[in-house]
Each structure stands twice: as C-alpha cells, then as structure tokens.
Amino acid sequence: MSNAIRIHNFPLSGHCHRVELFAGLAGINHELVFVDLAAGEHKKEPFLSLNPAGKVPVIEDGDVVVADSNAILVYLARKYAPDWMSGDPVEEAEIQRFLSLAANEIANGPAAARLVTVFGAELDTDKAKAISGYVFGILEGHLADRDWLVGQKPTVADVAIYTYTAHAPEGNVSLEPYPNIRSYLKRVEGLPGFEAMPATKAGLAA
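Rules and cut-offs
- Residues numbered from 1 in each chain as written.
- Predicted model: local features only at pLDDT ≥ 70, side-chain atom pairs only at ≥ 80, totals over all residues.
- Heavy atoms only, no water.
- Helix = DSSP H or I, 4+ residues; strand = E, 2+ residues; numbered from the N terminus.
- Rg over C-alpha atoms; globule rule 2.2 N^0.38 Å.
- Buried < 20%, exposed > 50% of the residue type's maximum accessible area, 1.4 Å probe, protein only.
- Contact = heavy atoms within 4.5 Å.
- Areas by Shrake-Rupley, 256 points an atom, 1.4 Å probe, with all protein chains shown as cover.
- Lys, Arg positive; Asp, Glu negative; His and termini not counted.
- Charge placed at Lys NZ, Arg CZ, Asp CG, Glu CD.
- Axes fitted to C-alpha atoms, helices over the stretch in contact; angles between N-to-C directions.
- Parallel < 35°, antiparallel > 145°, perpendicular 65-115°, else oblique.
- Left-handed = near helix turned anticlockwise from the far one by under 90°.
- Core = buried A, V, L, I, M, F, W, Y, C linked by side-chain atoms within 4.5 Å.
- Pairing = 2+ DSSP bridges.
- Nonpolar A, V, L, I, M, F, W, Y, C, P; charged D, E, K, R; others polar.

(A) View of the overall build of the protein. Check the secondary structure of the protein and you find eight helices and four strands. Taken from the N to the C terminus, the helices and strands of the protein come in the order β-α-β-α-β-β-α-α-α-α-α-α. For the protein, the C-alpha radius of gyration of 16 Å lies close to 17 Å, the compact-globule estimate for 206 residues. Its C-alpha atoms give the protein principal-axis dimensions of about 45 × 40 × 25 Å. The buried share of the protein, reckoned over its 206 residues, is 48%. Long-range pairs, those at least 24 residues apart, make up 68% of the contacts in the protein between residues at least 6 apart in sequence. Looking at the protein as shown, the accessible area adds up to about 9,700 Å², and 52% of this sits on carbon and sulfur atoms. One finds the centroid of the 17 positive side-chain charges in the protein at a distance of 3 Å from the centroid of its 26 negative side-chain charges.

Below is the structure:
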C-alpha cells in the first residue's frame, strides 16, 4: 500500500481505534501494523524508537512520527481532512475541550472500568464507575438538543469520545440511563467509512 499512513495499533485498544476510525471516516489511506502488547513489543525496540513512552497508537506518515491518539487526530485532520477541525476559533476551542475530556474523564472513567474487566487491570472499579457517571451525565445533557458534540457536523471531538463510550458496557457501565448518548452513538455508527472496534464478552456485554 503505497503512500499509506502506518498505524501501529492493538485491535482492542480504544485509543488505537480512534485513529483507525478517523482514517476510515476521513478516507485517509492507511495500513495497520499490529503491536503485540501481550508480548511486550511496545516496551522494546524497534517500537521505543517510535515512541519512547512505550504506548500505542503511533503513526508514521513518511518521515513524520506522531504518538498519542488525540495528537494524531489533530495532525491527520489538519493535514488530510481539515473539515473535521472546523476552522472556527470558538468551535475549535470546543473541540479541544472534548479532546481533554477524552484524555481525562473518559480515560479514567469508562476506559479504566473496561481495563479491569477486559484486561484484568488492578484499578479502582468504583472510582472508574463514578467518573463514568459524571462524564456521561455531562454528555447526556450536552446532546439533548444537538446531533454532534461541536457545531452542525462531526469533528475529531466525536471520534475521540466515541469508542470508550460505546464500549462502556464491557466495563460494567450501563448506557441505558442515557438515551441521548445512545442515539448519538448510532449517528456516529451511521457515518460513511465507520468501522467498529471488536467487541469483547466482558462486563454487561458478557
């Protein structure tokens, strides 16, 4: 696959799925490079030369290497799909707010709860569920009178928020109390080029 973005990923990582999802939605030519986390490939060379932090995802775009899922979303949007970054200063500030939400409350809430059930991580489940309730309450209210998180069309904010929200039941976090969120997830899933992250039989999804 010539001139393709190389996405170093792990299929069950929501952070990786953000990047893969966006590449599909934006029609960006890409190939997936599997990183065997169970074998510790992310903690040794040659992976550490790409990202010394030893975390996926990482992309290679020619000579350019970018790590961190949200940073990758911004880079890809700026270079290949600028409509996904709005261009309006107020809306871009809003996009950044949701990227921060994805990196904080979403990561420490539904993503952390899923880490416990899917990967056996030793994390505080009660705390993760409490954070999940908090952040989903924010999203539920925000989506009461809008289709997308920012503006009138999907942006990278939606990509950043989608995966761990959709897979929250795998971490024993129910989406039943949040009809606006459930409708929103279906809108994202209806976008051309959408590709789901593999589901696991964990938590409420078991």
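(B) Examining the packing of helix α1 (residues 14-26) against helix α7 (residues 156-166) more closely. Remark: α1 packs on α7, axes separated minimally by 9 Å, with the N-to-C direction vectors making an angle of 135°. Between α1 and α7, the angle is such that the two are oblique. With respect to the hand of their crossing, α1 and α7 are arranged in right-handed fashion. Together, G14, H15, H17, R18, L21, F22 and L25 of α1 and V156, V159, A160, Y162, T163 and Y164 of α7 make up the contact between the two elements.

(C) How the structure looks around the nonpolar core. The biggest cluster of nonpolar side chains holds 52 residues, and the ones touching the most others in it are F22, I59, L76, W84, F136, L139 and L149. Elements with a minimum of two residues in this core: β1 (5-9), α1, α3 (69-80), α4 (89-108), α5 (110-119), α6 (125-142), α7 and α8 (179-189). Apart from residues lying up to four places away in sequence, W84 is in contact with F22, L25, A26, A77, I95, P154, T155, V156, V159 and L191. F10, V35, F47 and V56 belong to the second-largest nonpolar core, a separate cluster that totals six residues.

(D) Looking closely at the pairing of strand β4 (residues 64-67). In this sheet, β4 lies alongside strand β3 (residues 58-61) in antiparallel orientation, the contact comprising four bridges. Pairing of V58 across the sheet is with A67, part of β4. Hairpin geometry of β3 and β4 is characterised by an intervening segment of two residues between the two adjacent antiparallel strands and by a positive phi of about 65° at G62.

(E) Broad picture of the packing of α3 against α4. Where α3 meets α4, the closest approach of the two axes is 10 Å, and the angle between their N-to-C directions is 150°. Taken together, α3 and α4 sit at an angle that is classed as roughly antiparallel. Counted together, N70, V74 and R78 of α3 and E92, L99, A102 and A103 of α4 form the full contact between these two elements. For the contact of α3 with α4, the per-class residue count stands at four nonpolar, one polar and two charged.

Worth remembering: the numbers are spatial, not functional.
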